Amino acid sequence: MLESGITAKGQTTLPKAVREALGTGPGDRVRYTILDGEVRIRAVRPIQRLFGMLTYDGPPVTLDDMQRAIVEGATTD
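Keep in mind the model is a prediction, meaning the values are calculated, not measured.

Visitor: Got a minute to help me understand the pattern of salt bridges in this structure?
Guide: In a structure, side chains of opposite charge can pair up when their charged atoms sit close to one another. Evaluation of the coordinates by the stated rule reveals 2 salt bridges. Among the salt bridges present, the one from Glu20 reaches Lys16, with a minimum N-O distance of 3.9 Å. Remark: Lys16 and Glu20 occur in helix α1 (residues 16-22); sequence separation between them is 4 residues, near one turn of the helix. In this structure, Asp65 and Arg68 form a salt bridge, with 2.7 Å as the shortest nitrogen-oxygen distance. Here Asp65 pairs with Arg68, and both are found in helix α2 (residues 63-75), just 3 residues apart, close to one helical turn.

Scoring rules and cut-offs
Residues numbered from 1 in each chain as written. Predicted model: local features only at pLDDT ≥ 70, side-chain atom pairs only at ≥ 80, totals over all residues. Heavy atoms only, no water. Salt bridge = Lys/Arg side-chain N within 4 Å of Asp/Glu carboxyl O. Helix = DSSP H or I, 4+ residues; strand = E, 2+ residues; numbered from the N terminus.

This is the structure we're talking about:
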């Protein structure tokens, strides 16, 4: 079980094991959810962290190619 103190301003430090479990570091944000008298802490994942997660190894495509694929996908059953 992990514990941390609370300052006069209501601040606390997340223990290292908690930060590691959440994958957080300095400057990151966490979200608190209160449910049935318990508090859950989740890491907030900014959209910028998603950049580069999906890669495409195929040939380059043009905007026209993408538009054509969108239209074909919308018109096929």
